[in-house]
Amino acid sequence: MAQPFEIAKDLEVEASPEQVWEAIATGPGQDSWFMGRSEIEPREGGAARWSIGDFTMESTVTAWEPPTHFVFRMDQGPDGTYHQFDYRIEPREGGHTGVRYVHTGMLGGDWEAEYEAMNEGDPMYLHKLVEYLTYFSGRFAKGVDVQGPQVADRERVMAAYRRGLGLGDPVAEGDTVRLTPDGLAPIDGVVDYVSPHFLGVRSNDAIYRFIHGFQGTTMVGHHLFRDGVNQEEAERSWRAWLGSLFDGTDATIVG
């Protein structure tokens, strides 16, 4: 039986309501901080599509009130499952803007595990939204969403990421780091997010995320803001890097 859920968060960003609206209610804006690719028809009743890999989620815009209120709801599945995302935006003093985020819907199948994953994943993506608006507002990114094998052991996965990036242990938010992923150019940046299943680094031209996802999926979810990025080449390079850490045959860590 499908189970109802709600995840609600309040944010404050140093950006105008119009800048926040562009980030959350346009395809290029969402692509600059959320995973996958988004297309949004700018009107109430318009279509909203989100794709990652071969999967596409079809939704309908149910509230379109720029720049204060944006809602889209996923088409309901045969089992009654769906997701709805509600953003309310309000100006605040000192050039700041408040955002009220409410993610609701119905979950099926292994709903408890999915809800637990979203309870960690949603705050990570909202933090990335704040990072985007703080450091990259007005710029649009090329997204790199690449999956590796499923590896159940979270601690082994996160240790492999740190090792593969040339990081020590432990890693803390605010640490200045130099990532040295094999096969890619070194990356100078700052650790901007650490949680049990996520490691985040921000450079002056990118936001990087190294993820142990739902059902043990290993993946990266990066946003590259520099000019002239070849998205397909970047995806190939990061896919090869994941392959250097994990054995795709038996989903065990190499090394």
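That block above? That's the structure.
Residues numbered from 1 in each chain as written. Predicted model: local features only at pLDDT ≥ 70, side-chain atom pairs only at ≥ 80, totals over all residues. Heavy atoms only, no water.

Attention now moves to the sheet that holds strand β11 (residues 198–202). In space, the six strands of this open sheet follow the order β8-β13-β12-β11-β10-β9, with antiparallel pairing throughout. For this open sheet the edge positions go to β8 (142–150) and β9 (176–179), each flanked by a neighbour on one side alone. Across the sheet, the mean angle separating the axes of adjacent strands is 25° when strand polarity is ignored. As paired elements, β11 and strand β12 (residues 206–212) share five bridges and run antiparallel to each other. Of the residues in β12, the one forming a bridge with G200 is R209. Contacting β11, β12 and β13 (217–224), helix α4 (residues 154–164) runs over the sheet at an angle of about 150° to β12. Helix α5 (residues 231–245) contacts β8, β10 (187–195), β12 and β13 of the sheet and is inclined by roughly 25° relative to β8. (Pairing = 2+ DSSP bridges. Helix = DSSP H or I, 4+ residues; strand = E, 2+ residues; numbered from the N terminus. Axes fitted to C-alpha atoms, helices over the stretch in contact; angles between N-to-C directions. Contact = heavy atoms within 4.5 Å.)

Enumeration over the complete set of coordinates arrives at 21 aromatic pairs. Considering the side-chain rings of Y161 and F246, the 6.0 Å spacing of their centres and the 90° angle between planes classify their relative orientation as edge-to-face. Residue Y161 is found in helix α4, and its partner F246 is found in strand β14 (residues 246–247); the two are separated by 85 residues along the sequence. Given a relative accessible area of 0%, Y161 falls into the buried group. Between W238 and W241 the ring centres are 5.4 Å apart and the planes differ by 75°, which places this aromatic pair in the edge-to-face class. Linking W238 with W241, this pair stays in helix α5, spanning three residues, or about one helical turn. Across the pair, W241 and W238 agree in class, each one buried. In this structure, R73 is placed above the aromatic ring of Y82, and the distance from its NZ or CZ to the ring centre is 3.7 Å. The ring of Y135 carries the charged tip of R202 above its face, separated from the ring centre by 3.7 Å. (Phe/Tyr/Trp six-rings, centres within 6.5 Å; stacked < 30°, edge-to-face > 60°. Buried < 20%, exposed > 50% of the residue type's maximum accessible area, 1.4 Å probe, protein only. Lys NZ or Arg CZ within 6 Å of the ring centre and 35° of its normal.)

With that settled, consider the environment of G29. Looking at where G29 falls in the secondary structure, it is placed in helix α2 (residues 27–31). By relative accessible area, which is 0% here, G29 ends up buried. Counting along the chain gives 112 residues from G29 to A141, while the straight-line C-alpha distance between them is 8.4 Å. For G29, the residues in contact, after removing those within four places along its chain, are E22, A23, Y132 and F140.

With that out of the way, let us pick up the pairing of strand β4 (residues 55–65). Sheet analysis places strand β3 (residues 47–52) next to β4, joined by six bridges and oriented antiparallel. Pairing of S51 across the sheet is with T56, part of β4. Judged from the six bridges that link them, β4 and strand β5 (residues 69–74) form a sheet pairing that is antiparallel. Directly across from V61, in β5, lies its bridge partner F72.

On to the nonpolar core. Ranked by size, the top nonpolar core spans 39 residues in total, and within it I24, W33, F70, Y87, Y132 and L133 carry the most contacts. Here the element with the most residues in this core is helix α3 (residues 111–135); it accounts for six residues. Setting aside anything within four residues of it in sequence, one finds Y132 in contact with A23, G29, S32, W33, S137, G138, R139, F140, I207 and F225. Among the nonpolar cores identified, the runner-up in size contains 28 residues, and L165, L167, I187 and F246 belong to it. (Core = buried A, V, L, I, M, F, W, Y, C linked by side-chain atoms within 4.5 Å.)

Attention now goes to the pattern of salt bridges. With the rule as written, the count across this model stands at 13 salt bridges. Members of the salt-bridge network, linked through shared partners, are E12, E90 and R92. (Salt bridge = Lys/Arg side-chain N within 4 Å of Asp/Glu carboxyl O.)

Spatial relationships are all this shows, so hold off on functional conclusions.
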